[in-house]
Amino acid sequence: MDFPVTFEIFGRTVLAHPLFEAVGMFLGMRYYFYLKRKSKEKLSFNISAAVLIGATAGALLGSKLIGNLENPYHLFENFDLKKFWSSNTIVGGLAFGLMGVELAKKIVRHKESTGDLTVFPLMLAMMIGRVGCFLTGVYEETYGIPTDSVFGMHLGDQYLRHPVALYEIAFLAMLWMVLKNIQNRGKYASGFIFQLFMLSYFTFRFFLDFIKPHAEVIGNLGTIQLVCICVIIYYIYTIKSTQFLSLKYSK
């Protein structure tokens, strides 16, 4: 396979990454609305709109902010508006999207969790998007460091590299099965599936970034890993609190 993989659309050459990212978002949204129609929990239009606006605004801001802060030295020394707008990361999108949703819920005074319904649509969109990352190879910053392990692949240069996009797809597929099994049992507090997803994914990303090129910010940790640590701590505390309240009120 030659990297990067491109497609001809309306006479223009398009990289696989943005194409698969767009397809992933579209299918993820369709899956979300399908689950929403089947769900027994119905949110009012005001609450649904507030949550959607909060999530979108937070994700847009966070993905670009953390995406650019992956290499803060380059950002501040050679600022380029076009590069700033094109730099994104799902870690920043998820973390700030969460903050946007929580802020929106406070504004409309909604206390119940709204995250469980988004978990599997999010995972579907992420897996499809990561196919695009893999097909783009080393031509965007979504590849792994060189390796001599059995998993090494040529992604467009002379090195065998960790195919980190494929690792992430495999992880998300396994996590999907685990969370579906928990969901089917039905014995959990509202929001627990989303909390498990976030804790699991950010823990995975913390370790995955050790085999991805990154600028070291504190010690040998990059910006994404520092964000992951904050989210992991938050969700460890949140899950403990949720389960405590669930046990308390079930007695």
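This is a predicted model, so every value here is computed, not measured.

Visitor: Which residues make up the packing of aromatic side chains, and what are the values?
Guide: Under the counting rule described, the total for this entry stands at 15 aromatic pairs. Summarising the aromatic geometry, the rings of Phe-3 and Phe-134 are spaced 5.6 Å apart at their centres and angled 80° between planes, so their arrangement reads as edge-to-face. Of this pair, Phe-3 sits in the segment before strand E1 (6–9) while Phe-134 is found in helix H6 (residues 119–136), placing the two residues 131 residues apart along the sequence. For the pair formed by Phe-3 and Phe-134, the shared burial category is buried. Taken together, a centroid distance of 6.3 Å and an interplanar angle of 0° make the contact between Tyr-31 and Trp-176 stacked. In this pair, Tyr-31 is assigned in helix H1 (residues 16–38) and Trp-176 in helix H7 (residues 164–185), connecting sequence segments 145 residues apart. By way of ring pairs, the aromatic residues Phe-194, Phe-197, Tyr-201, Phe-202, Tyr-234 and Tyr-235 are connected into one cluster.

Visitor: Which residues make up the packing of H7 against helix H8 (residues 192–208), and what are the values?
Guide: Between H7 and H8, the least distance of the axes is 11 Å, while the angle of their chain directions is 155°. As the angle between them shows, H7 and H8 are arranged roughly antiparallel. Both H7 and H8 take part in a crossing whose hand is right-handed. Along its contact with H7, which presents Val-164, Tyr-167, Glu-168, Phe-171, Leu-172, Leu-175, Leu-179, Ile-182 and Gln-183, the element H8 presents Phe-192, Ile-193, Leu-196, Phe-197, Ser-200, Tyr-201, Phe-204, Arg-205 and Leu-208.

Calculation notes
Residues numbered from 1 in each chain as written. Predicted model: local features only at pLDDT ≥ 70, side-chain atom pairs only at ≥ 80, totals over all residues. Heavy atoms only, no water. Phe/Tyr/Trp six-rings, centres within 6.5 Å; stacked < 30°, edge-to-face > 60°. Helix = DSSP H or I, 4+ residues; strand = E, 2+ residues; numbered from the N terminus. Buried < 20%, exposed > 50% of the residue type's maximum accessible area, 1.4 Å probe, protein only. Axes fitted to C-alpha atoms, helices over the stretch in contact; angles between N-to-C directions. Parallel < 35°, antiparallel > 145°, perpendicular 65-115°, else oblique. Left-handed = near helix turned anticlockwise from the far one by under 90°. Contact = heavy atoms within 4.5 Å.

Function-wise, these values are silent; they only describe arrangement.
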